[in-house]
Amino acid sequence: MALLGFLILFPLVVAGVLLAVRDNRVRNAVVVAAALVIGIASVWLVVSYLGAPWIPFDFHSPVVDYACMVVSVLVAAAILFYGIRHKNAAACALAAVQVAGSLVFEFAFAHGLPVAQGLYLDSLSLLMAFIIGVVGSGICVYALGYMEDFQAHEPEGAKDRRPVFFALMFAFLSAMFLIVFSNNMVWLFTGWEVTTVCSFLLIGYTRTEEAMRNAFRQIVMNLVGGIAFLGALYVCAIQLGTLSLLEFLQIGVQNPALVALPVTALALAGLTKAAQMPFHTWLLGAMVAPTPTSALLHSSTMVKAGVFLLVKLSPVMYAGSFAPQGGLLASVPAIMTVLVGGITFALCSFMAISQTNAKRVLAYSTIANLGLIVACAGVGTPEAVWAAAFLILFHAIAKSLLFLCVGTAEHHIGSRDIEDMDLLFERMPRLSRFMMLGILCMFIAPFGMLVAKWATLVSFAETGQVALIVILAFGSAATFMFWAKWLGKLSGIAAARENVERDVHASEWAAVMVMAVLVILCCAGLPIVSWLSVEPYVFSVYGTLGQDISTSNLWIASILSIALAVVLFAGLGRTKARKVDVYLAGVSRDNAERTFQNALSGTSTASARNWYLEDVFGERRIAPIGTACCSVIIIVAFAAAAVSLPGLF
Amino acid sequence: MTYATKSPWVIHYDGSSCNGCDIEVLAALCPGYDVERFGIINTGNPKHADIFLVTGSVNEQNIKVVQEIYNQMVEPKVVVACGICACSGGIFHDCYNVIGGVDQAIPVDVYAPGCAVRPEAIIDAVVQALGILEEKSKALQAQRKGA
Amino acid sequence: MWYDMSLFSVLIGTLAFAVLAPVLGCLLAGLDRKISARMQGRVGPPLLQPYYDVRKLLEKDNVSVNSTEGTYVTCALVFTLIAGGIFFSGGNLLMSVFVVTLSGLFFIVAAYSTRSPYAEIGAMRETLQVMAYEPMVLFMAVAFFMAAGTFDVAGAFALTAPVVTVIWPVLLGFLFVLTIKLRKSPFDLSYSHHAHQEIVKGITTEMSGRTLAKVEVMHWCENILFLGWTGLFFIWGTPASVLVAVIVAAVVYFLEIWIDNNFARVKWQALLKSAWVVALVAGGVNIAVLAYAPYLM
């Protein structure tokens, strides 16, 4: 248990130290050391509790309760401060509601309901801890080099606000650890709100008008989720008389109809955090932030907190949909989650096709994949949860790898547009191979993401979720399109361009390598990860093993991914073939540069842009449909779940 | 034994001509003559072609095009000049910008005169070209083994 | 260990497929050209013409526009063989589908890597084609699972009736996208064997000699695999059903040749729209019926 406390508190201490450090070299040393310590500690934790079932820890402390309350008030105060300064009425109103609500809750209800076992861990928490500890701290190391370049690009005399930046990054990690280890739902809620406000400050880091606008959009949406969370706490405290997550889940599994409203509310909180439609715009807006922030928000933290909560709730939703006595009411949260997740997956995959901005493509792909995880959580069968856990893992590592690569590429080619990544294979040979690895891992067999999607498809087929099968089939097809054309752009070779990756910071390489090695290890060791980490969780929750894909097929996938990694990093570029020019139909001027003699005897360049199919898959066409459908689904679900409140009707 | 003669893929380029020979080449590919009987395929891509059929003469404007197509064809390859213009410049030989026959631009292996060249003559020329293609193919294989 | 056996059978299957599929595929391609010629009132080439073509391509000089294209195409060929091995050794149908998609991806990347304007057009069109047929292919696998109770191809031999009896709409939908997968007109956007409707040579523009030979062999193997998928609809618990499956596959291929010779290439919009609508109607409805029928009876 000491290790849990260490993981939660240590990043916080580091954050405090970093706030005070002004010197670059000292900061570099502190961040690297702290990242190493956090990484090693989380790996140690994972190893020492490998395959653990639910292990609660007796820990109850009024001091922590009060600390959490103070933090909550501080969070709300910070939001109010910025809300007033930037004249954002919605944020102020929501923050006011929240601070009032949490204070009333703390004094009127929470003290009467102590949670004896404040902390816990299980295999899912361990998986999350691994992601936060290794991927999250890797991103922090990456940020060192990145922010140095970023600061260099700032106008002369701009204030160096990097201490705040790094402090926020580590505070974020601390809050995430709190979320995954808290059995006390009030503590969990505190971590939840801290991630909200940290990401608000990180998104608004540049303080430009656009950044502030997007930061406020994030805070307003996540405050809605936060208030829903608070509402769930009220219902738990008043109606169920417990604030322990475990007890809540146990009550829920036994009587899903009873907890329909709090589960719906918590699911809404999860949906907002996981940026599902109609809340997806905050994640798109978050792209204005420096790339390490995007990487942190997208891959290992923030959005993962949302899906983590939903996966935790999935046994209750499963019980709700299959409970004979529950009726329709009990299945409300599951239906809402499944539909919102499924619709988000398909529509965001479609919209990703129409994007040329690499970070926006990554954002849409993140939202889409989270949608799939959310849908899996809503289905809630052991098989679906198995798939969801793998989606979380592979998405975290592959997406962070991609973000880090895009960030580095952006600083060296001066653009984050996919069309400008033309010929990256020669301009940044190592980086482009890492990027290709990340892309492959995101969408194609035999890599992890696709194995998880495969499991998802099987679990949908087994439970007869027709709508989800249809959504998955079309969404996956769109996924192929937008990744394949990006991969194609990266792979282009012409004109022996100058290598521009020689001055990439060592810290950036280190982080990128860590992610790449993790991707390969996890893909190659997929059956082992399943056996040691994911299966124990599924077994501890459901008492049965849910695995859709036979171990032999997992091994085939593992062998093929190793082969592909070898081809990518050792096999490409070796050939005995004599090099010849490409065909340009007519007279080439400079074949390597793809220029040819045109009809007026002038020189034209042959260049091709990818297809973005704006007329078919454009945002303007698709986003309103998704927003409208998902909003209606959520509103109807709440109306239906409210029926369960005693005394309302 | 070489397979080059069993699957000659053809690319056709029409230089400065009256289009008469051009049409005859296409006629040879039609059902009436059906050159696919001999495995002949008309391809638009020099990288896939073994035989370069040129109709019409070479002029200042197209000489580089003819040369580029020839250069982009993969060894072994042969060139057939179809029609009198391709052989020598024909009635266009003293036009102000005509250089002459195809052999002014690239090495020609078989000459098939005629105005316009008849499909039978084209097929006959291609069959002759196949003999040369076989020689070249064998030479390439010997060279590869030696290397 | 049972899973070692399963890995072993995939390995054996892949090796057997690597030997047999090119032979069968080559004969099929020869037959295709022969029948096409007869439909057009021509004599057509010898039956072994595709074999001569490939042998000739292997004799050509070894050239390439870059250092990676050949490797990508080799990967595409190898993964096609593995997909065939998985399928014909009775392995997982979905796995076979996914590995074929991987092979398709490598083919696309090979064309992209040349950065040639014509090859890129072909690559983009091929990507679109994959997007167009992928939903229906997934529906095919899911419908097989719902009808047979397993994704394992070998499981079909334990059935009392072939799956086509309950998933015939999916078969029709699958036949529709099969035209795309077999690269037949009107859906041969990315490249076709007919010179008359090509932007130079689509996705294979920059491939020559042995690289093109690999593409041809890959295409033969793909055709055999896709016909295998088609035949799977007609397999049930008697060895004679294999004969039925082969006959059906032959009839289907003849139908595809007939379609190929009777339709002009469509635009990509028509391809995407029609393939998705067919998938949604044939696949979606059939799967819905399979999922909900037990509750209605």
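Residues numbered from 1 in each chain as written. Chains lettered and ligands numbered in written order. Predicted model: local features only at pLDDT ≥ 70, side-chain atom pairs only at ≥ 80, totals over all residues. Heavy atoms only, no water.

**Brief notes about the pattern of salt bridges**
Our working definition: A side-chain nitrogen of Lys or Arg and a carboxyl oxygen of Asp or Glu constitute a salt bridge if their distance falls within 4 Å. Helix numbering and strand numbering both begin at the N terminus, where a helix is a DSSP run of H or I of at least 4 residues and a strand a DSSP run of E of at least 2. To sort residues, take the accessible area from a 1.4 Å probe on protein chains only and compare it with the maximum for the residue type: under 20% means buried, over 50% means exposed, and anything in between is partly exposed.
One pass over the full model with this rule turns up 23 salt bridges over all chains. When the shortest N-O distance is used, the salt bridge between D122(A) and K312(A) registers 3.1 Å. Placement of the pair is D122(A) in the loop between strand 2 (119-121) and helix 5 (123-153) and K312(A) in helix 13 (residues 303-322), with a sequence separation of 190 residues. For the residue pair D122(A) and K312(A), the accessibility class agrees, reading buried in each case. The closest approach of N and O atoms between D109(B) and K136(B), which form a salt bridge, is 3.3 Å. With D109(B) in the loop between strand 6 (98-100) and strand 7 (110-112) and K136(B) in helix 4 (residues 119-146), the pair connects residues that are 27 residues apart, well separated along the chain. Residue classification places D109(B) among the partly exposed positions, given a relative accessible area of 25%. A relative accessible area of 27% places K136(B) in the partly exposed class.

**Quick notes on the environment of C630(A)**
Residue and element names in this part refer to chain A. Counted only if it meets this: A contact between two residues is defined here by any heavy atoms of the two lying within 4.5 Å.
Inspection of the secondary structure assignment puts C630 in helix 26 (residues 619-642). Each C-alpha atom, one on C630 and one on T408, is 36 Å from the other, the two residues being 222 residues apart in sequence. Excluding residues within four positions of it along the chain, C630 makes contact with M277, P278, V340, I343 and T344.

**Looking at helix 23 (residues 526-542) of chain A**
Within an α-helix, residues lying three or four positions from one another point in the same direction, as the helix has 3.6 residues per turn. Residue and element names in this part refer to chain A. What counts here: To get the bend at a given residue, fit one axis to the seven residues ending there, fit another to the seven starting there, and take the angle between those axes.
Considering bend angle alone, the principal kink of helix 23 is centred on V534 and spans about 40 degrees; proline P536 follows within four residues of it. Within the span of helix 23, buried status applies to L526, P527, V529, S530, S533, V534, E535, P536, Y537, V538 and Y542. Looking at the residues trailing helix 23, positive phi occurs at G543, about 75 degrees.

**A closer look at unusual backbone geometry**
All names here are of chain A. Look at the link from A445 to P446: it is a cis peptide, with omega at 0 degrees. Even without being glycine, R207 reaches a positive phi, approximately 60 degrees. Residue classification places R207 among the partly exposed positions, given a relative accessible area of 47%. A positive phi is found at A275, a non-glycine position, where the angle reads about 55 degrees. Among the secondary structure elements, A275 is positioned in the loop between helix 10 (260-273) and helix 11 (281-285). For A275, a relative accessible area of 0% gives the class buried.

**Some points on the nonpolar core**
Inclusion rule: We call a set of buried residues a nonpolar core when its members are Ala, Val, Leu, Ile, Met, Phe, Trp, Tyr or Cys and they connect through side-chain atoms within 4.5 Å of each other.
The biggest cluster of nonpolar side chains holds 365 residues, and the ones touching the most others in it are F181(A), W486(A), M131(C) and W229(C). With 22 residues, helix 17 (residues 382-413) of chain A is the largest single contributor of residues to this core. Apart from residues no more than four positions distant in its own chain, M131(C) is found in contact with I353(A), A477(A), A478(A), M481(A), L613(A), F617(A), L272(C) and W276(C). With 22 residues, the next largest nonpolar core counts I51(B), I122(B), V126(B) and A129(B) among its residues.

**Notes on helix 6 (residues 164-181) of chain C**
Residue and element names in this part refer to chain C. What counts, and what does not: Here the expected length of a helix is defined as 1.5 Å per residue gap, with one fewer gap than residues.
With 18 residues, helix 6 extends just 20 Å between its outermost C-alpha atoms, more than 12% less than the 26 Å of an ideal straight helix rising 1.5 Å per residue. Approximately 40 degrees is the largest bend angle found in helix 6, and it occurs at V170. For helix 6, the complete set of buried residues consists of V164, I167, V170, L171, G173, F174, L175, V177, L178, T179, I180 and K181. For helix 6, the elements touching its buried residues are helix 4 (93-114), helix 5 (117-148), helix 7 (209-232), helix 8 (240-262) and helix 9 (268-296).

**Regarding the packing of aromatic side chains**
So the rule is basically this: Note on aromatic contacts: the rings of Phe and Tyr and the six-membered ring of Trp form a pair at centre separations within 6.5 Å, being stacked when their planes are under 30 degrees apart, edge-to-face when over 60 apart, and tilted otherwise. We call a charge positioned above a ring when the Lys NZ or Arg CZ atom is no farther than 6 Å from the ring centre and deviates by at most 35 degrees from the ring normal.
The full count for this structure, using the stated rule, is 45 aromatic pairs over all chains. Ring centres of F474(A) and W276(C) lie 4.9 Å apart, and the angle between their planes is 70 degrees; on these two criteria the pair is classed as edge-to-face. With F474(A) in helix 21 (residues 466-491) and W276(C) in helix 9, this pair bridges two chains. Relative accessible area serves as the criterion here: at 8%, F474(A) is assigned to the buried category. For W276(C), a relative accessible area of 13% gives the class buried. Stacked on the ring of Y205(A), the Lys or Arg R161(A) has its end atom at 4.7 Å from the ring centre. The ring of W192(A) has K273(A) lying over it, and the distance from NZ or CZ to the ring centre is 4.9 Å.

**What about the UniProt feature "domain: NADH-Ubiquinone oxidoreductase (complex I) chain 5 N-terminal" (unreviewed entry) in chain A?**
Applicable threshold: UniProt positions are given in the numbering used here, feature names are shortened, and annotations may be inferred rather than shown by experiment.
As recorded in UniProt, the sites labelled "domain: NADH-Ubiquinone oxidoreductase (complex I) chain 5 N-terminal" (unreviewed entry) are residues 112-149 of chain A. In residues 112-149 of chain A, helix accounts for 71% and strand for 8%; the two terminal C-alpha atoms are 52 Å from one another.

**Considerations on a positive patch on the surface**
Our working definition: Any residue with relative accessible area above 30% and no salt bridge may belong to a patch, with like charges joined within 9 Å and the nonpolar Val, Leu, Ile, Met, Phe, Trp and Tyr side chains within 5 Å. The protein chains shown are the only cover counted for residues, whose accessible areas, like all others here, come from Shrake-Rupley with a 1.4 Å probe. When charges are counted, neither His nor the chain ends are considered; positive counts come from Lys and Arg and negative counts from Asp and Glu. Charge positions come from single atoms, namely NZ of Lys, CZ of Arg, CG of Asp or CD of Glu.
The grouping of R22(A), R85(A), K159(A) and R207(A) at the surface amounts to a positive patch. Along the chain, R207(A) falls in the loop between helix 7 (185-203) and helix 8 (209-240).

**Considerations on a nonpolar patch on the surface**
All names here are of chain C. On the surface, a nonpolar cluster with roughly 470 Å² of combined accessible area is contributed by V23, L27, L31, L47, L48 and Y51. Top element by residues in the nonpolar patch is helix 1 (residues 2-39). It accounts for 3 residues. Tracing the chain through its elements places L31 in helix 1.

**A closer look at the state of the cysteines**
Our working rule: Throughout, a disulfide means two cysteine sulfur atoms within 2.5 Å of one another.
Applying the stated criterion to the full structure yields 0 disulfides over all chains. The cysteine C85(B) is free of any disulfide, with C115(B) supplying the nearest cysteine sulfur at 6.0 Å. Judged by its relative accessible area of 10%, C85(B) is buried. Free of any disulfide, C221(C) has its nearest cysteine sulfur in C26(C), 10 Å distant. With a relative accessible area of 0%, C221(C) lands in the buried category.

**Re the sheet that holds strand 5 (residues 595-597) of chain A**
All names here are of chain A. For clarity, the threshold we go by: Strands qualify as paired when DSSP identifies two bridges or more between them. Lines are fitted to the C-alpha atoms to define the axes, a helix being fitted only along its stretch in contact, and any angle between axes, read from their N-to-C directions, falls within 0 to 180 degrees.
With antiparallel pairing, 3 strands are arranged side by side in an open sheet as 4-5-6. The sheet is open, and its two edges are formed by strand 4 (588-590) and strand 6 (603-605), each paired on a single side. Ignoring strand direction, the axes of neighbouring strands in this sheet form an average angle of 40 degrees. Two elements, strand 5 and strand 6, share 3 bridges in a ladder whose sense is antiparallel. Pairing of F596 across the sheet is with S604, part of strand 6.

**Notes on the environment of P46(C)**
In this structure, P46(C) sits in the loop between helix 1 and helix 2 (49-59). Residues P46(C) and F176(C), 130 residues apart in the sequence, show an inter-C-alpha distance of 30 Å. Contact partners of P46(C), with chain neighbours within four places excluded, come to R37(B), K34(C) and Y52(C).

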